[in-house]
Every structure is written in C-alpha cells, then in structure tokens.
Amino acid sequence: MKGLFYKDILMLTRSFKAYLLMALFFIVLGTIRPNNSFWAVYGSFFFVTLISSLMAVDEQSRWLSYCDIMPLRRRDIINERYLLTLILTAVLNVLFLILSMIFRNADRATVLVSSGMMLALSMLASAISLPINVKFGTAKGQMVRMVVIIVMVGCGMFIINYAGEIIEKLLQVKAPVLLAGAAAAIILIFGLSWLLSIRIYEKKNL
Amino acid sequence: MSAIEIRNINKSYPGFELKDLNLDLPEGTIMGLVGENGAGKSTTMKLLLGMIRPDSGSINVLGETDLRARPQIKEEIGVVMEDVSFPTVLKIGEIGRIMAGIYRNWDADEFARMVKVLRIPEDKKFFEMSRGNRMKTGFACALAHHPRLLLLDEATSGLDPVVRDELLDILMDFTKDETHSILMSSHIVSDLEKACDYVCFLHDGRVLLVEEKDRIRELYGKLQVTPEQFKELDPAAVIGRRTTPYGTEVIVRKDRIPDWDTQPVDIEELFVFMVKGERQ
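Residues numbered from 1 in each chain as written. Chains lettered and ligands numbered in written order. Predicted model: local features only at pLDDT ≥ 70, side-chain atom pairs only at ≥ 80, totals over all residues. Heavy atoms only, no water.

Attention shifts here to the packing of helix α1 (residues 2–15) of chain A against helix α2 (residues 92–100) of chain B. Orientation of α1(A) relative to α2(B), taken along the N-to-C sense of each, is 145 degrees, at an axis distance of 7 Å. Read as a crossing pair, α1(A) and α2(B) show a hand that is right-handed. Taking contact as the criterion, the partners of A:Gly3, A:Tyr6, A:Lys7, A:Leu10 and A:Arg14 in α1(A) are, on α2(B), B:Glu94, B:Arg97 and B:Ile98. Grouping the amino acids of the contact of α1(A) with α2(B) by side-chain chemistry returns three nonpolar, one polar and four charged. (Axes fitted to C-alpha atoms, helices over the stretch in contact; angles between N-to-C directions. Helix = DSSP H or I, 4+ residues; strand = E, 2+ residues; numbered from the N terminus. Left-handed = near helix turned anticlockwise from the far one by under 90°. Contact = heavy atoms within 4.5 Å. Nonpolar A, V, L, I, M, F, W, Y, C, P; charged D, E, K, R; others polar.)

Here it is as structure tokens:
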C-alpha cells in the first residue's frame, strides 16, 4: 500500500497544488476570524473534495484497472483512500489548532468546537461521497451525491424546524452525552461507509 | 509442469460467450493467442488475472486458483496490457518508486537497466511519451520484479517494427530461464511466429486449435488445385479453401492425403483459412 500512498501524495502535490493552497488559505482565514467557523469548515470540505478529484484522475488514466494486475487486494485500494482521507483531515485539524494557538484571538472552547465541526463534517462528507464515487464513478457520482446532500439538508431542516426546541433543551441538560453520541455516530457512519465501499469495489467489474 | 492450466472455463457477457476453454501453458515456453477482435483473448487474460470471475470451470496460475482472493502470486506475474495506464503527469523515475512501494520483489537496479536498454526518456511525463515509449515503460515495470510468468495482451500492437523487434528479443531472453513462461496475444501473427513455441487459435470464444508451432508445418500444408482436383480431395483433409480466378487454394491436413505434394503453410494463413472454413 506504500506505493499507493506515494502515488497519491505525488499527484496531490503535482496536480492539485492550487487546491491545496486554497484549502490552507481557508483554514488560515478561519483562524484569523475565530468567531466565524465557516471558512475553516469550508476549507475542510474543500480538502475532502480533493479525494474525489484524485479518484477522477485515476478513472481518467485507467489506473484502477492497472492496479488489478498488481499484487494488491481490491480492499487495499479502498483502505488507502479512507486512510488518506483521515490523514488529510487530521493534518488539516492539527494545522488549524496550531494556527489558532499562534493567533490566540479566540477562546479555547470556540477553537475546539470549530475543530470538532471540521472533523465531523469532513468525515461525514467523505463517508457519503466515497462509496458513491466507488459505485457510480466520479462523473455519475456527482449527480448522486447532490441528490443525497439535498435529501440530507432537507431532513436537517425538518429536524431543526420541528424538533429544534427539544434538541436545544437536551443540549442544555446533557450536552456531553449528546456530543459523545454524535461523535460515535459519525465514527460508525464512517466505518460503515468504509465497509460498504470495500464490498462494492470487490464486486465491481473494471 | 504447467504455468497455466485452464479447465472448462465458461464466461458470458451480453453478445459474447467464452465456451468451454481448455488451455495448458507448459513452464519454460511461449504461447501465442491468435484471434480476431472479440474472439476472447482479453477476456482470457482478465480471467487469468482474476479481474473477472468465470461462470464455471477452474483456473490455475503458478499453482494458485484464486488470484483475486490471494493476489500475492502476482508478485511472480508480469503483465502488459494493450494500454499501459499510469497517471499521466508522472515521470519514469516516479513510476519506478511507486512500483517499489507495491512489489516486494521490486528490483530498482533492474528497472534502471531496462529504462536504459529500452531508451525510455527520463525527463518526459507519461502523457508526453510516444505509444512506443509507454509500452516500453509497461515492459520495464513488468520485468523489474523478476516474474516467472508474463501475460501480454496485444502488447506489441501499434508499435513500429524496430521497437517490436527489440521487445521480442527481450521476451526471448526472458524464456532462456526454463522456469519462465509467456502467454501473449497479438494481431501481429509474424511476432508470434517469431517468438512462440505454441500457438492457440481463438475464434468466437472457442479454441480452434492448440499446437506446437513447429508441428503446424508438419501437420498442415497448402495446395493449389483445379475445381476437378478439389473434388478428388478427402473432405476430412480440408481445413479451408479460397477460390480465385486462377484456381482454388486449399489448406489440408497432410496425414489425410499422404500422396499429394503440399507447400508449407504459415500460421497466419492457417488461422485465416480455419476461421473462414468455420464460417462456411
């Protein structure tokens, strides 16, 4: 799997240098304006889309078919993608925390909440987009992803509108339990997405 | 011992069927797969590599029966497909370093030697290379992890004669080791004629013939006959025929008509006549 990591890091630094710099720019913007975590979260999302772009480049060059002739299990290819996603997300978070400490213009709680949101949202976004890309390819996957996101946003709005008060009360009383539950749910969703992608890819005819 | 054993393999797609395929590639030999487009050559290669699963039958490659479940055996298989597919922005040195991270047996010195011998440009990105240099890159990668078996699917097609000749020399060098074997498919029958010990004709997903190349000349011959002479021939001896304004050209089994003087037949002629004979 070492070779797959090396290849993706090469591709990221070679073909997606501008994307990387823009993601960093958003993160820096997020730390300079600490009361608005939008930019940090946006940068984190931006980073996640890099994985989809990497997959698109692989499809274009037919690299994945070539992988099938090498001593790699198909699950190795999926494992590398998910691990890379986690590593990139972690790097981004660490960077965000370091920059926040340097600029010191936000309280610790706000920084931690922003960091947690970044982690949660990028894991959730990856958990949705990766199996869709594996199943449908990145071009068709884009359409499916949009539909899924619209449905999710719709569900979110519905919950906020109709259960917002209940959630708010629960948060006041049992915030740590709810946050721990949300973290566990996101980890579970990410794990299930990982297993699903392996299953899809192992059955796929390339 | 066989490097490859294929037994009663069936695989069907909409509009295509590979029917009851049986094939043995003895260790230390080169076998050429000859067939038209859609005859089943690439499907056979993909089945051997575990890229697709057969509907029925069994495959044994270097003693392993399920390459998808246990791909480690691919350390010992070098593959060059018709399209060598590396990320286009990479240079040959970077490709070598990626491969080093994938193959345990990767030999960086051997790879560097192959790059030099094949004169692959080191300063060009993969998309800037000619088709010939891309295929050479595929060959260098296939050979640099010291495989025992090479699977080549149309690996020499679209290349100029000089490059093809260089690559064929490398292949013949490879089989000097008696544990090394090659299965290669090609439209260019002259390449197979030059390199192969065995020839397998595939047509419409079926094996028409598997034979030692040298036995083909012993077994089959060509005749120029008049329509009257053609009628005298034992129909069981006739493999195929072509009628021209100047007479009839017939490919025959020599052992069925021992009294006739035949001319030698080459692999391409035999294949064309057999396929046309099938259609008739």
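Residues and elements named next belong to chain A. The full count for this structure, using the stated rule, is eleven aromatic pairs over all chains. Both rings, one in Tyr82 and one in Trp194, keep their centres 5.1 Å apart while their planes meet at 15 degrees; by these two values the pair is stacked. In this pair, Tyr82 is assigned in helix α5 (residues 74–103) and Trp194 in helix α6 (residues 108–203), connecting sequence segments 112 residues apart. One Lys or Arg, Arg74, reaches over the ring of Tyr201 and ends 5.4 Å from the middle of that ring. (Phe/Tyr/Trp six-rings, centres within 6.5 Å; stacked < 30°, edge-to-face > 60°. Lys NZ or Arg CZ within 6 Å of the ring centre and 35° of its normal.)

Our focus in this paragraph is the confidence of the model for chain B. Put simply, chain B has an average pLDDT of 89, and 99% of its residues get 70 or more. Both scores are available for the predicted complex, with the pTM at 0.84 and the ipTM at 0.82. (pLDDT = per-residue confidence, 0-100.)

Tallying the contact residues gives 27 residues for chain A and 25 residues for chain B. Both faces combined, the contact of chain A with chain B buries some 2,400 Å², and carbon together with sulfur accounts for 65% of it. Considering only the side of chain A, the residues that lose the most area to chain B are A:Tyr66, A:Ile69 and A:Pro71, jointly responsible for 28% of the buried surface there. Across the contact surface, chain A and chain B share one salt bridge. Here A:Arg14 makes a salt bridge to B:Glu94, at a shortest N to O gap of 2.3 Å. Our count for the chain A to chain B interface comes out at six residue pairs in polar contact (both at pLDDT 80 or more). For the side of chain A that touches chain B, the elements supplying multiple residues, two or more each, are α1, α4 (63–67) and α6 of chain A. No other element matches the nine residues that α1(A) contributes to the side of chain A that touches chain B. In terms of residue class, the side of chain A that touches chain B is made up of twelve nonpolar, five polar and ten charged. (Buried area = accessible area lost by both parts, 1.4 Å probe. Salt bridge = Lys/Arg side-chain N within 4 Å of Asp/Glu carboxyl O. Polar contact = N/O pair within 3.5 Å; in protein donor to acceptor, adjacent residues only side chain to side chain.)

Here we take up the nonpolar core. Core analysis: the biggest nonpolar cluster contains 124 residues, and A:Trp63, A:Met70, B:Ile77, B:Met99, B:Leu151, B:Phe201 and B:Leu270 have the highest contact counts within it. The biggest single contributor to this core is α6(A), with ten residues. Not counting the four nearest positions on each side in its chain, B:Met99 is found in contact with A:Trp63, A:Tyr66, A:Met70, B:Phe86, B:Trp106 and B:Cys141. (Core = buried A, V, L, I, M, F, W, Y, C linked by side-chain atoms within 4.5 Å. Buried < 20%, exposed > 50% of the residue type's maximum accessible area, 1.4 Å probe, protein only.)

On to the side chain of B:Thr137. Tracing the chain through its elements places B:Thr137 in helix α4 (residues 131–143). If we skip the residues at most four places from it in the chain, B:Thr137 touches B:Phe86, B:Ile92, B:Ile95, B:Ile120, B:Phe126 and B:Met129.

The next thing to look at is the pairing of strand β2 (residues 16–26) of chain B. Residue and element names in this part refer to chain B. With eight bridges joining them, strand β1 (residues 2–13) and β2 adopt antiparallel strand pairing. Of the residues in β2, the one forming a bridge with Ser12 is Glu17. As consecutive antiparallel partners, β1 and β2 are separated by two residues, and within that stretch Gly15 has a phi angle of approximately 85 degrees, a positive value. (Pairing = 2+ DSSP bridges.)

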